[in-house]
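So you can see what is in the structure, the chains are spelled out below.
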Amino acid sequence: TSSKKQGKVLAINEDHGFVIVDLGKVDGIKRDTVLTLKRNNETIATLTVLEVRDVMTACNIKDLNSGKTIAVNDQASVLK
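Draft legend 1. The arrangement of the side chain of Thr-33 in detail. With respect to the helices and strands, the residue Thr-33 is situated in the loop between strand E2 (18–21) and strand E3 (34–39). Residue class for Thr-33 comes out buried when judged on its relative accessible area of 6%. A distance of 2.8 Å separates a polar atom in the side chain of Thr-33 from the backbone nitrogen of Lys-30.

Written as structure tokens, this is what we have:
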């Protein structure tokens, strides 16, 4: 499989305030990677990496735009 720069939210853990995205080590995700979350081309939040696995990553929610909530299938893309 080739690495992808865009993924999506697989799950949200409201209690602990983190999300799981379907991008991982195979996609070049590293500890210092920053991701953006978008829905309908509008940025909802910025994510920082909590734990990287091969094909998925747990991310901390860094900046959540006011009034926005994160949903499964929101688009995640690598910012840097």
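Draft legend 2. Fine view of unusual backbone geometry. In the Ramachandran plot, Asn-40 falls in the positive-phi region, its phi being about 55° despite a non-glycine side chain. A residue is classified by how much of its surface remains accessible, and Asn-40, at 72% relative accessible area, is exposed.

Draft legend 3. Focus on the environment of Thr-36. In this structure, Thr-36 sits in strand E3. Sequence separation between Thr-36 and Ile-12 is 24 residues, and the spatial gap between their C-alpha atoms is 15 Å. Those residues in contact with Thr-36 that lie beyond four places of it in its chain are Ala-45, Gln-75, Ala-76, Ser-77 and Leu-79.

Draft legend 4. Summary view of the side chain of Ser-77. Locating Ser-77 in the fold gives a position in strand E6 (residues 75–78). You can call Ser-77 buried: its relative accessible area is 13%. Residue contacts for Ser-77: discarding those within four places in its chain leaves Lys-5, Gln-6, Val-34, Leu-35 and Thr-36.

Reading the values: rules and limits
Here the residue numbering is sequential within each chain, running from 1 through the sequence in written order. For this predicted model, a pLDDT threshold of at least 70 governs which residues receive local features, and a threshold of 80 or more governs which side-chain atom pairs are given and counted, while totals over whole chains, interfaces and linings are taken from all residues. Working from all heavy atoms in the structure, the side-chain values ignore hydrogens and water. Numbering of helices and strands starts at the N terminus; helices are DSSP runs of H or I of at least 4 residues and strands are runs of E of at least 2. Only protein chains enter the accessibility calculation, which uses a 1.4 Å probe; a residue is then buried when its area is under 20% of its type maximum, exposed when over 50%, and partly exposed in between. Any pair of N or O atoms that falls within 3.5 Å is considered a polar contact. Within protein, one atom must be able to donate a hydrogen and the other to accept it, and sequence-neighbouring residues count only if both atoms are side-chain atoms. Throughout, a residue-residue contact means that at least one pair of heavy atoms, one from each residue, lies within 4.5 Å.

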